Amino acid sequence: GNHPKLFTLQPDAAAGALEGTHPVRARLVDWLGNAAEVVLGSVRFDFTPPEVATLLVEQPLPAADGVAHVRRGVPVRVCLTASEPLAAAGPVAAGTEGGSEAEGPIGIWLAGRPLEPAVGDADPPALCFERTADGEDPAGPGELRIRMLDAAGNQAEQTFRSLVQFDDAPPVVEGLALQP
């Protein structure tokens, strides 16, 4: 008959040694001493927070120096992939950088202001977000902050400081003279 038993996993090793997928085995013995071992399934331990695996900052002008130079009124699009699956779909984190933020699998801020999910042409598993630069963006580097929550509940945050440059200054013309 059925004889349910509850077992508790008590690892001898440190958490890092358990990282990964492991089979769950049971050894069954009947009242006559006949024994069998069966694999009941598997369990996956994940203690590693997610990381940004790829990151691309897109804007209408090419970034010759590896920095996206953005002026007011120009949309900035940020596409990224994560190092592992993120939490199930939920709302994207929003709000101010230091204020209350909605829970979600990913949140992304540029210069302290949230980006919204972008619509269109990204190849999965890329996640794309965008917003238009405006007068609230200070001239100079715009810090890009990304927070992710993976499927196991591990949370991580990464900051990138030299990918976006807000620039509304016109070019300086020096040494140009008309010759008769």
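Residues numbered from 1 in each chain as written. Predicted model: local features only at pLDDT ≥ 70, side-chain atom pairs only at ≥ 80, totals over all residues. Heavy atoms only, no water.

## Here's the deal with the pairing of strand β2 (residues 35–45)
Right, on to step 1. Pairing analysis gives ten bridges linking strand β1 (residues 20–29) to β2, with the strands arranged antiparallel. Bridge pairing links Gly 20 to Phe 45 in β2.
Right, on to step 2. Taking the residues between adjacent antiparallel strands as the criterion, β1 and β2 are bridged by five residues, where Gly 33 takes a positive phi near 95 degrees. (Pairing = 2+ DSSP bridges. Helix = DSSP H or I, 4+ residues; strand = E, 2+ residues; numbered from the N terminus.)

## A short note on the pattern of salt bridges
Right, on to step 1. Applying the stated criterion across every chain yields a total of eleven salt bridges.
Right, on to step 2. Residues Glu 37 and Arg 25 are paired through a salt bridge, measuring 3.8 Å at the closest nitrogen-oxygen approach. Of this pair, Glu 37 sits in strand β2 while Arg 25 sits in strand β1, and the two are twelve residues apart along the sequence.
Right, on to step 3. Taking relative accessible area as the criterion, Glu 37 reaches 52% and is therefore assigned exposed.
Right, on to step 4. On the accessibility criterion, Arg 25 (53% relative accessible area) is exposed.
Right, on to step 5. In this structure, Asp 137 and Arg 113 form a salt bridge, with 3.2 Å as the shortest nitrogen-oxygen distance. With Asp 137 in the loop between β9 (127–132) and β10 (140–149) and Arg 113 in strand β7 (residues 113–114), this pair connects stretches of sequence that are 24 residues apart. (Salt bridge = Lys/Arg side-chain N within 4 Å of Asp/Glu carboxyl O. Buried < 20%, exposed > 50% of the residue type's maximum accessible area, 1.4 Å probe, protein only.)

## A closer look at the sheet that holds β10
Right, on to step 1. A sheet is described by the order of its strands in space; here five strands give the open sequence β4-β11-β10-β6-β7, paired in mixed fashion. Among the strands making up the open sheet, the edge pair consists of β4 (68–70) and β7.
Right, on to step 2. Relative to strand β11 (residues 155–166), β4 runs parallel, the two sharing three bridges. Residue Ala 68 lies in a different strand from β11, and its bridge partner there is Val 164.

## Here's the deal with the pairing of β9
Right, on to step 1. With six bridges connecting them, strand β5 (residues 75–82) and β9 associate as antiparallel partners. Of the residues in β9, the one forming a bridge with Val 76 is Arg 131.
Right, on to step 2. Where strand β8 (residues 116–117) and β9 come together, two bridges link them in antiparallel fashion. Looking at the pairing, Pro 117 lines up with Phe 129 of β9.

## Focus: the state of the cysteines
Right, on to step 1. Taken as a whole and assessed by the stated rule, the structure comprises one disulfide.
Right, on to step 2. Each disulfide pairs two cysteine sulfurs, and for Cys 79 the partner residue is Cys 128, the sulfurs being separated by 2.0 Å. Between Cys 79 and Cys 128, the S-S dihedral sits near 110 degrees, and the bridge is therefore right-handed. With Cys 79 in strand β5 and Cys 128 in strand β9, this pair connects stretches of sequence that are 49 residues apart. (Disulfide = S-S within 2.5 Å.)

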